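Overview (structure and organization)
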Amino acid sequence: MSSTKFQTIESPAVPLPIENVDTDQIIPARFLKATTRDGFGENLFRDWRFHKNGEPINDFVLNSQSYAGKILVAGKNFGSGSSREHAAWAIHDYGFKVVVSSFFADIFKNNALNNGLLPVQVSDSFISTLFEAIELDATSLIRVDLEKQSITLSATGQTENFDINPYKKECLLKGYDDIDYLLSIKEKIIQFEKSKS
């Protein structure tokens, strides 16, 4: 298996209430030279996290001591712009397992799913509820249950269901990439081929 099985996650979240975040803001183009997925996390939101001299920008959320966790709660239309897979690599490599938004660009959504990062699309009202809860208490826990396709604010029990492609769901739950999945059904493929010959 090429990736870790996706378990139910209960974690505090990092809030990024900015709309229309594009892939160049997630990982600037000048950092796309590497060919492996490792090390991209250190340049996640690089131009928002650091001044040109490399000093941290103190008021950016990823530089705050108040927020931590495996869940990024983002504004509407997250992952727009160019179709770089590196954006998903950077978010995952930084340590996030889930990104929550009220709308994702389709290409980003697919890139995320292909790289072990779960994009959870919720209603505008639910994303507002999450942002409000995190603002009141930075340690607020959010529970994401992939099997049940639900996201819940642990303290209040407020919950919402989300959609996911059934094939991608199975791959995440089992830690499969596309090749792993094909190998897992190898016997079925052989039997099918035999039945046609």
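Above this text you will find the structure in question.
No experiment lies behind these values; they were computed from the predicted model shown.

Digging into the packing of aromatic side chains
For the structure shown, the criterion picks out eight aromatic pairs. Measuring from ring centre to ring centre gives 5.5 Å for Phe45 and Trp48, while their planes differ by 0°; the resulting arrangement is stacked. Phe45 gets classed as buried once you look at its relative accessible area, which sits at 1%. Between the aromatic rings of Phe78 and Phe104, the centroid separation amounts to 6.4 Å while the plane-to-plane angle is 90°, which identifies the pairing as edge-to-face.

Some remarks on the sheet that holds strand 1 (residues 9–11)
A sheet is described by the order of its strands in space; here four strands give the open sequence 1-6-7-8, paired in antiparallel fashion. A single partner strand is all that each edge strand has here, and the edge strands are strand 1 and strand 8 (159–161). With strand direction ignored, the average angle separating the axes of adjacent strands in the sheet is 10°. Summarising the sheet, strand 6 (residues 142–145) and strand 7 (residues 150–153) pair through four bridges and their orientation is antiparallel. Pairing of Ile142 across the sheet is with Leu153, part of strand 7. On top of the sheet, helix 5 (residues 124–136) reaches strand 6, strand 7 and strand 8; it is set at about 35° to strand 7, its chief contact.

A few points about the side chain of Thr152
Note that Thr152 resides in strand 7. Leaving out residues up to four positions away in the same chain, Thr152 has contacts with Leu141, Ile142, Arg143, Gly157, Gln158 and Thr159.

Some remarks on helix 6 (residues 166–174)
Turning to helix 6, its buried residues are Lys168, Lys169, Cys171 and Leu172. When helix 6 is viewed along its axis, its buried side chains cluster within an angular range of 165° and face the same direction. Gly175 sits one or two residues past helix 6 and shows a positive phi near 75°.

Some words on the pattern of salt bridges
Opposite charge on two side chains lets them pair, provided their charged atoms get close. All chains considered together, the criterion is met by two salt bridges. Notably, a salt bridge pairs Lys76 with Asp124, separated by 3.7 Å at the nearest N-O pair. One end of the pair, Lys76, is in the loop between strand 3 (71–74) and helix 3 (86–94); the other, Asp124, is in helix 5, and 48 residues separate them in sequence. On the accessibility criterion, Lys76 (36% relative accessible area) is partly exposed. Using a relative accessible area of 43% as the deciding quantity, one classes Asp124 as partly exposed. A salt bridge links Lys174 to Glu170; the nearest nitrogen and oxygen atoms lie 3.0 Å apart. With Lys174 and Glu170 both in helix 6 and four residues apart, this pair spans about one turn of that helix. Since its relative accessible area comes to 35%, Lys174 is described here as partly exposed.

Examining helix 5
An ideal rise of 1.5 Å per residue puts 18 Å on 13 residues; helix 5 measures up with 19 Å between its terminal C-alpha atoms. When we look at burial in helix 5, the residues that qualify are Phe126, Ile127, Thr129, Leu130, Phe131, Ala133 and Ile134. Along its buried surface, helix 5 packs onto strand 2 (13–16), strand 3, strand 4 (98–101), strand 6, strand 7 and strand 8.

So, how was this worked out
Residues numbered from 1 in each chain as written. Predicted model: local features only at pLDDT ≥ 70, side-chain atom pairs only at ≥ 80, totals over all residues. Heavy atoms only, no water. Phe/Tyr/Trp six-rings, centres within 6.5 Å; stacked < 30°, edge-to-face > 60°. Buried < 20%, exposed > 50% of the residue type's maximum accessible area, 1.4 Å probe, protein only. Pairing = 2+ DSSP bridges. Helix = DSSP H or I, 4+ residues; strand = E, 2+ residues; numbered from the N terminus. Axes fitted to C-alpha atoms, helices over the stretch in contact; angles between N-to-C directions. Contact = heavy atoms within 4.5 Å. Arc of directions from axis to C-beta. Salt bridge = Lys/Arg side-chain N within 4 Å of Asp/Glu carboxyl O. Expected span 1.5 Å × (residues − 1).

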